[in-house]
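Overview (structure and organization)
Spelled out, the chains give:
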Amino acid sequence: MTLQQPKLDTSPHVSDEIRKTTCYMCACRCGIDVHMKEGKVAYIEGNRDHPVNRGVLCAKGSAGIMQVNAPSRLRAPLKRVGPRGSGKFEEIGWDEALEIATSWLEPLRRDAPEKLAFFTGRDQSQSFTSFWAQNFGTPNYAAHGGFCSVNMAAAGIYTMGGAFWEFGQPDWEHTRLFMLFGVAEDHDSNPIKMGIGRLKARGAKVIGVNPIRSGYNAVADDWVGITPGTDGLFILALVHELLRAGKIDLDYLARYTNAPVLVNGDAGSPEYGLLMRDAAGKALVIDRATGDLAPFDQPGVRPDLHATHTAGGVTHRPVMHLLAERYLDAQYAPEAVAERCGVAPGKIRAIAAELARVAFEEEITLAREWTDFRGETHQSMTGRPVSFHAMRGISAHSNGFQTCRALHMLQILLGSVEVPGGFRFKPPYPKPSGIHPTPHCKVTPGKPLDGPHLGFVHGPDDLALREDGTPARIDKAFTWENPMSAHGLMHMVISNAHAGDPYRIDTLFMYMANMSWNSSMNTRGVMEMLTDKDESGEYVIPRIIYSDAYSSEMVAYADLVLPDTTYLERHDCISLLDRPICEADAAADAIRWPVVEPDRDVRGFQTVLIQLANKLRLPGFTNEDGRPKYTDYADYIVNHERKPGIGPLAGWRQGEAGPAHGRGAPNPAQLEQYIANGGFCVKHIPETCVYMKPWNMGYQAWAVETGLYDSPQPYLFDLYVEPLRRFQLAAEGHGERQPPDHLRAQIRATMDPLPVWYPPFEDSHVDAQEFPVHALTQRPMAMYHSWGTQNAWLRQIHGHNPLYLPTRLMQAHDLREGDWARVTSAHGTITVPVAHMAALNENTVWTWNAIGKRKGAWALSEDAPEATRGFLLNHLIHELLPPRGDGLRWANSDPITGQAAWFDLRVKIEKSAPPPESQPAFPPIDSAVGEAPGDLAWKVGK
Amino acid sequence: MTTLPETTDKKLGLVIDLDTCVGCHACVISCKGWNTENYGAPLSDQDAWGASPSGTFLNRVHSYEIQPEAGAAQLVHFPKSCLHCEDAPCVTVCPTGASYKRAEDGIVLVNESHCIGCGLCAWACPYGAREMDHAEGVMKKCTLCVDRIYNENLPEIDREPVCVRTCPAGARHFGDLGDPDSAVSQLVAERGGVDLMPEQGTKPVNKYLPPRQKDELGTTGMHAPRLDPVIEDAGGFLGWLDKALDRLPGGAGSASDSETR
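Here we summarise the structure given alongside this text. (Residues numbered from 1 in each chain as written. Chains lettered and ligands numbered in written order. Predicted model: local features only at pLDDT ≥ 70, side-chain atom pairs only at ≥ 80, totals over all residues.)

**Here we look at the sheet that holds strand S2 (residues 31-37) of chain A**
All names here are of chain A.
- The sheet built from 3 strands is open, its strands ordered S1-S2-S3 with antiparallel pairing. Of all the strands in the sheet, just strand S1 (17-22) and strand S3 (40-46) have a single pairing partner and so form its edges. Each strand of the sheet is rotated relative to its neighbour by a mean of 30°, with strand direction disregarded.
- Sheet topology note: the S1/S2 ladder contains 6 bridges and is antiparallel. (Pairing = 2+ DSSP bridges. Helix = DSSP H or I, 4+ residues; strand = E, 2+ residues; numbered from the N terminus. Axes fitted to C-alpha atoms, helices over the stretch in contact; angles between N-to-C directions.)

Okay, here's the thing in structure tokens:
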């Protein structure tokens, strides 16, 4: 045929309208342009103006359209009619649903508010849900941080007043060497991809530290295929090398950290190991100019890293001495750690040398005048262009807190935090740990709790214990077992409630937390706990209320289901009071708004909480005349004030001279302003204030003006974390509040004020010879937890999850791609399909997280690969470590924060004959939403 | 048999950076979204929530492992869509003229109203870049977003293929590879961009930028800086520390111990 080119319309109609809102396909919170045709969602792309994603969008975000049409969407409130776990429900109206919930909750609030346990999963409205729980009066509230990444958050905040996560970022513009440890894909995921792209485009180097070389590690210039749980040891070896070479930033350490602060050296004193302070409580240093003691922040003082102080025959040394003494020890030499870390000594040395070379030989100087908190004005800002990022990979271990601390210490020794080219905080951070709330747990029936549930403890006095010393909270957060559990321990709630330890509860109320499946350890055990009955035939956990947008596995275990909307059908605020979308150069927050109205009888969960609060007449939600303050969540977002002038959204508040960002009275047109601006608000930090923030008085003034805090809060980075030492002192017998004897040794060993490495606990509770292999999960870039797994497009990318084995283990067990293996831990066994991956630590196996589904859930057909070949590693992990003959059961958690130690898991592998489907297999649950249609061709326009 | 144009005015195509692609599939799904709603029949999915979901995609990401003779194995993410070849065998094999290459910009397209769904073009393509849509029975392929790149209803900045617009890592580039001065041609020259399977003689317009050399730190023969130890133990450290502090501006100390009684 000859060339006959048809005439094309190359300018077709794109959409009737673009509605700009915030993505919720993961926790990244990108801005999205939702293209509408005839009132329907036609196409979703990234918002070019948005500070988080600047136009780009990941696979999850683009697949959001398949979330709004998902057949798994719940359609109406559900009342259980079959046994718990069967999935048998009847649809009811909202009046009845709210009446049932109120009839359960009202007597609890009146008589014993602690009998309500209210835990929320992956929401982004914790400042609101905690406010609700506080007004209800229960101490039993937290979100999911305890089973996620609290080690990262707590270690960052205690050490440097802010964490990686989404609360900080490398200085992508200036950094020249970026080192990444075991990153999870759901926080800052597009910003990290964009950042790596920028580094690659200018030839800057990336080092990846991860047992698995996928994703970001696949593009890293150098890969460290480390043995799981040894990152801390590897980092301390880098510190050893840097100290030995004198490659640390002494000026930075002296000025901005507690390295020069004196530590009480009197071994007989109850203050042994605490920081020395003056009468006003200020930490003391020695002024190198005068040789005298001085408060650290005294104008003109030059804190001395070297000098000691002798009083009464006792010499008190600065933190710097203790630090050098510890890490120069030969136990941290590369040769000494290499075998355990699975990293050659030469590689450790070369990485230390490269860090030092870039930090000190490629120093950056920006000519920006700024004044520090001692009143000294500097003409420029010095940068060390080495930056780091890490997430769950290093934190979900029982040594995770101290490993995260070690990484922060490394950054600080290099002088690379809050400087050009280094790691930078995003507002509302930096913020010293001391100005966060402490935990509150005092219950008064019929009244609100005495303060916020969660916070940061500074010593035994802040623990959440009742007068008799027993835990005040159902999850035993802030107790001697895990004193610094800043995010609570959601993963312990069901097992503690089932055991009645520390007490029985009545109603378990959960939101978006798939606890009967992928969000729990010991999944089968949790299902049994949720359905277990006592002698009288009543459920041991008497009532369960659950809210979710989709027909998840957890829905089947609820007595009352409150159906939520999808993210495109609701109001939300991504708030500075919570987890905002700030950049290192700007404060920013955002909203979601209903770009489409629900076509089902569902309500946004936050609105339902307000409706419940109104029925219960909770104080913070009720005016003095007894009338409700808020009709729905949008009303709350606009009109709630946490304190005068400070509300959920910082943008377009009513200032004295018109709309202003930061402080101001509520503005009735606020949401319209956000929508007109693309769904977000950005307030830039002045150029001279964007670095050195913790010490930069210009930034401090800006932060006060913006409402981040009420007075300037400059502080020192805590290389030495004094609150940890206070717990050690208690364990050594000092003070009124004393730990139980069986925990003394653990507290002394783990709550070290300087970063320390110890082997993951599982190593000493199981036979490492019998279970020689480490087993991990990773989160795919194109799927998020259980939120998207039923997504019609994304499940074609990740529809099942083989167990990936390294070459050595494939050969050792005579396995070939497609074979099956029996994988056994001290707790359980699974039988699953295997696949080969060479770019993997030779003692590690792994799979994708949360791809496996239970039959009947998510509107998938019962023969879907998620249910037949997919699987969970959760069956191999228990919330308690196996007994080791001491008569105790130790938690499978970090002993400091209580973070679930998912990644401590050890297994053995055996070849298996292929079973009919992955084992264990569970009976199907009845689908709450029926079955999905077969084929799909989704085009909304003509 | 359908004829190819002898020359095209432009050679529009993609440059894909394999050193930067993290394998996130953003391009795959944004492509699915745009092309379901736009050019031609929607990209359908069969058994979408069932046992064997199978849908039409114009762009897919494959992952390959490389085991160098020495050193750690590597993983390369490899996005693949139509390469808009100059000598496109999928066009010449088409019995109806539905498959064609545009004279003005070199984009290879399927005129769906002439496509009989015979699938010959998919057999002819050595890259496996064409997919039959099972709902519509027509052949689907990358259009290089021909309905975006000239679309006057879009802001100028958005007149590029969606996969390029969405790529978070910036691993995808679009432009005229027939113009040696274009940004994409320059990038190919700088980074040693390559043709995919040149031995097939298809003269693909799309180019791939190869991964850079990896895992050089700590290998023998690498001229990395070494750290020279200045300190052997904590005692030595303190001596070094005092001297080093003296060297800092205004750093000369007055005493190494303060005493109170």
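Text resumes after the structure shown.
**Quick word on the packing of helix H21 (residues 722-731) of chain A against helix H22 (residues 741-750) of chain A**
Residue and element names in this part refer to chain A.
- The interhelical angle for the contact between H21 and H22, taken along N-to-C directions, is 145°, at an axis separation of 8 Å. Of the two possible hands of crossing, H21 and H22 adopt the one that is left-handed. Contacts between H21 and H22 involve Phe727, Gln728 and Ala731 on the former and, on the latter, Arg744, Ile747 and Arg748. (Left-handed = near helix turned anticlockwise from the far one by under 90°. Contact = placed C-beta atoms within 7 Å.)

**What about the environment of A:Tyr256?**
Residue and element names in this part refer to chain A.
- Relative to the elements of secondary structure, Tyr256 occurs in helix H9 (residues 250-256).
- By the C-beta count within 10 Å, which is 25 here, Tyr256 ends up buried.
- For the pair Tyr256 and Gly662, spaced 406 residues apart in the sequence, the C-alpha separation amounts to 28 Å. (Buried ≥ 20, exposed ≤ 12 C-beta atoms within 10 Å, placed from the backbone.)

**Looking at the environment of A:Ala27**
Residue and element names in this part refer to chain A.
- Relative to the helices and strands, Ala27 resides in the loop between S1 and S2.
- For Ala27, a count of 22 C-beta atoms within 10 Å gives the class buried.
- In this structure, the C-alpha to C-alpha distance between Ala27 and Ser912, residues 885 residues apart in sequence, is 38 Å.

**A closer look at the interface of chain A and chain B**
- Facing the 109 residues of chain A at the interface are 93 residues of chain B.
- Ranked by residues supplied to the side of chain A that touches chain B, first place goes to helix H12 (residues 345-361) of chain A with 10 residues.
- In the side of chain A that touches chain B, the residues fall into 57 nonpolar, 29 polar and 23 charged. (Nonpolar A, V, L, I, M, F, W, Y, C, P; charged D, E, K, R; others polar.)

Any functional reading would require information beyond the geometric quantities listed.
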